[in-house]
Number of protein chains: 2
Amino acid sequence: MRNIKIKDKCKDCALYSDGKLFCAQLSGDELCELSNQSRTLSMKRGDTLENEALAHWPIVAIDSGVLSMQHLLQDGRKTIAALFMRGDIIDLRNISNRNRGALIALGNVDVCRLSPKIFEQIMGHNPDAQKVIWENLRDQAFRAMDHSGDIAKKQALEKLASFIFECRNRQVGFTDGDLVKIPVRRIDLAEYLGMQPETVSRCFKDLEKRGVLEAPSLNALKLLNVPMLRRIANGDKDVLANESRIRVLKIA
Amino acid sequence: MRNIKIKDKCKDCALYSDGKLFCAQLSGDELCELSNQSRTLSMKRGDTLENEALAHWPIVAIDSGVLSMQHLLQDGRKTIAALFMRGDIIDLRNISNRNRGALIALGNVDVCRLSPKIFEQIMGHNPDAQKVIWENLRDQAFRAMDHSGDIAKKQALEKLASFIFECRNRQVGFTDGDLVKIPVRRIDLAEYLGMQPETVSRCFKDLEKRGVLEAPSLNALKLLNVPMLRRIANGDKDVLANESRIRVLKIA
DNA sequence: TGGGTTTGTTGATCGAGATCAATCTTTTCT
DNA sequence: AGAAAAGATTGATCTCGATCAACAAACCCA
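Cut-offs applied
Residues numbered from 1 in each chain as written. Chains lettered and ligands numbered in written order. Predicted model: local features only at pLDDT ≥ 70, side-chain atom pairs only at ≥ 80, totals over all residues. Heavy atoms only, no water. Core = buried A, V, L, I, M, F, W, Y, C linked by side-chain atoms within 4.5 Å. Buried < 20%, exposed > 50% of the residue type's maximum accessible area, 1.4 Å probe, protein only. Contact = heavy atoms within 4.5 Å. Disulfide = S-S within 2.5 Å. Least-squares fit on C-alpha atoms with pLDDT ≥ 70 in both. Near = heavy atom within 4 Å. Polar contact = N/O pair within 3.5 Å; in protein donor to acceptor, adjacent residues only side chain to side chain. Helix = DSSP H or I, 4+ residues; strand = E, 2+ residues; numbered from the N terminus. Nonpolar A, V, L, I, M, F, W, Y, C, P; charged D, E, K, R; others polar. Buried area = accessible area lost by both parts, 1.4 Å probe. Salt bridge = Lys/Arg side-chain N within 4 Å of Asp/Glu carboxyl O. Axes fitted to C-alpha atoms, helices over the stretch in contact; angles between N-to-C directions. Parallel < 35°, antiparallel > 145°, perpendicular 65-115°, else oblique.

J.: Would you explain the nonpolar core in this entry?
T.: Grouped burial of nonpolar side chains is what soluble globular proteins tend to show. Phe22 of chain A together with Phe22 of chain B are the most contacted members of the largest nonpolar core, which has 86 residues in total. Ignoring sequence-local partners within four residues, the contact set of Phe22 of chain A consists of Leu15, Leu34, Ile89, Leu114, Phe119, Ile122, Ala129, Val132 and Ile133 of chain A. Counting 37 residues, the second largest nonpolar core, distinct from the first, contains Cys167, Leu189, Met195 and Val239 of chain B.

Given below as structure tokens:
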């Protein structure tokens, strides 16, 4: 009876139905307990997880959609410091004092606010769950470091190329294919990469002109020349030299 | 007898002698086992932890000094994606395939390469140690995200101000004082913040001119106006407006 | 102790991308 | 469905910080 109720709540959630994710590692009892003590939440674009809510529910698991961590500067400039997606678990316990950003949905997002108590119990007793959660946090950390490296010195075109690979690596049915879904809007993409939407638009156009990809819609790309995109992402200036040579000829 | 040998090896290491860090959480037996199976290493500026070495010793704990994670672009541009210091534990298990950066010492660094087997055992059985290590990784993740936010949209002066606060927060005897140690060289600082050494130099001079701080040496700062530094770090343009007003007057 | 190398500073110029402005497209809401 | 709002694109101009160059200082290492 009780198990049936839990199944209703969790059976469609990625965290349970995807064998690689957290809830799939739990025993029946653990899942039951965690499910009962946790709360799901559907968010839509612009919705924010407020600090007061996070004080009681500091652990947030993403079922679907894209949640962003945003930093706001005094004069209104905004940056997206991180993107959280399906399977990510955000643990904000005891860091309310820090200068942390706000968690804002970039579209429709389904999250589950996990009970810290049960979460901690599971962490202590279930090695499989512990491993999954540890690797997820490690991914978050290294992804953030990679991202720092990307935006620190790379040029606009190179940043965009890196971002396309980040999307390809993170997408669910990653089949090494040439179709990449861009799960965020241009304006969010710009804020994540530390550039202006205008520049993002120009860079996509540039990549199309170079024959590297096609953009049939705003949230889908077809990669036509993955090696070249890779070289652009890695800061290979020879790939880009082509155009400047043309420019020199025109001037001469 | 065995315990005495271990003490010789570990007794001066921060990870053991600082009660908040990892090895201080271990029981005598655990410490003994971990110590026997682990290897210390002294690095000096420029030394790199090579991939082959990391394959066998993928878990690195920092005793003292500053270790950097560096990304290198094809054309020689370099960025420092993260800084690791005293107490940080870097877990690189199973991510050799990723486009990860190289771990390079920025000065004299003492590290301990922990045995993955014993580390995992301790993770599974010692809740205190587990908690310390979990919070350390979480710090690394959120610090990297903060850093991404900083370098994405902030101006040079604002980035430097943020970095000064990062140093203040991380320094060991953090007493909320006005003395901040800068543990890296200007050139590394520039690479971490995604700017040029020239710009770093100019920004320090600018902050001195504004009376925000004094720089008696290259690796020490005395803060004279912490609130203003904070406002600069937070992107408050009113603080900076002062100078442009002067410029307008000069032009007029 | 002194010469050589790396690092840091200062000044002058240039360019990638920000900003501003106008228009077009997509999404959202009633 | 249709109006209104939000987002995306395109073009023109401007600015901050990169780049180049030259020098000064600090740090090695014999």
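Continuing now.
J.: So what exactly am I meant to see when it comes to the state of the cysteines here?
T.: In a disulfide, the sulfur atoms of two cysteines are held together by a covalent bond. Taken as a whole, this structure holds zero disulfides over all chains when the rule is applied. Of all cysteine sulfurs, the one in Cys10 of chain A lies closest to Cys32 of chain A, which takes part in no disulfide; the gap is 9.4 Å.

J.: Would you take a moment to explain the relation of the copies chain B and chain A for this structure?
T.: Look at the two chain copies: a rotation about an axis and a shift along it is all it takes to match them. Superposition of chain B onto chain A requires a rotation of 180 degrees combined with a translation of 0.0 Å along the rotation axis, giving an RMSD of 0.0 Å. What the superposition gives is, in effect, a two-fold axis relating one chain to the other. Of every C-alpha in chain B, the one belonging to Ala141 of chain B sits nearest the axis of rotation, 1.9 Å from it. Interface overlap between copies: 100% of the residues of chain B at the interface are likewise at the interface in chain A, consistent with a symmetric, same-surface contact.

J.: Is there a simple way to think about the protein's contact with DNA strand C in this case?
T.: Around DNA strand C lies a shell of 18 residues, among which Ala156 and Thr199 of chain A together with Arg186, Ile187 and Lys205 of chain B are the nearest. The contact in question runs from a phosphate oxygen of DNA strand C to an N or O atom on the side chain of Arg45 of chain B, over 3.3 Å. At a separation of 3.0 Å, a base nitrogen of DNA strand C approaches a polar side-chain atom of Arg202 of chain B. If you list the elements that add at least two residues to the surface near DNA strand C, you get helix H9 (197-209) of chain A together with helix H8 (186-193) and helix H9 (197-209) of chain B. A total of four residues in the surface near DNA strand C trace back to one element, the largest contributor, which is H9 of chain B. Looking at the surface near DNA strand C residue by residue, the classes come out as four nonpolar, five polar and nine charged.

J.: Where do I start with the environment of Ala152 of chain A in this structure?
T.: Within the secondary structure layout, Ala152 of chain A lies in helix H6 (residues 127-153). According to the relative accessible area criterion, Ala152 of chain A is buried, its value standing at 12%. Discounting chain neighbours no more than four positions away, the residues touching Ala152 of chain A are Thr79, Ile151 and Gly194 of chain B.

J.: It is not clear to me how the interface of chain B and chain A should be interpreted in this structure. Could you clarify?
T.: When the parts of a complex come together, some accessible area is lost, and that lost area is often taken as the interface size. Contacts between chain B and chain A engage 51 residues on the former and 51 residues on the latter. Carbon and sulfur atoms make up 58% of the surface buried where chain B meets chain A, a total of about 4800 Å² over both sides. A per-residue breakdown of the area chain B buries against chain A is headed by Trp134, Met145 and Lys153 of chain B, which together make up 17% of the total. Counting every contact that joins chain B to chain A gives six salt bridges. Between Asp91 of chain B and Arg138 of chain A there is a salt bridge, with its nearest N and O atoms 3.0 Å apart. Counting every contact that joins chain B to chain A gives 23 residue pairs in polar contact (both at pLDDT 80 or more).

J.: Looking at this structure, I do not really get the packing of helix H7 (residues 156-170) of chain A against helix H8 (residues 186-193) of chain A. What am I missing?
T.: How two helices pack is summed up by the angle between their axes together with the distance between the axes. Residues and elements named next belong to chain A. Between H7 and H8, the least distance of the axes is 11 Å, while the angle of their chain directions is 110 degrees. Classed by the angle they form, the pair H7 and H8 counts as roughly perpendicular. Residues Lys159, Leu160, Phe163 and Glu166 of H7 form the contact with H8, whose participating residues are Leu189, Tyr192 and Leu193. Partitioning the contact of H7 with H8 into residue classes produces five nonpolar, no polar and two charged.

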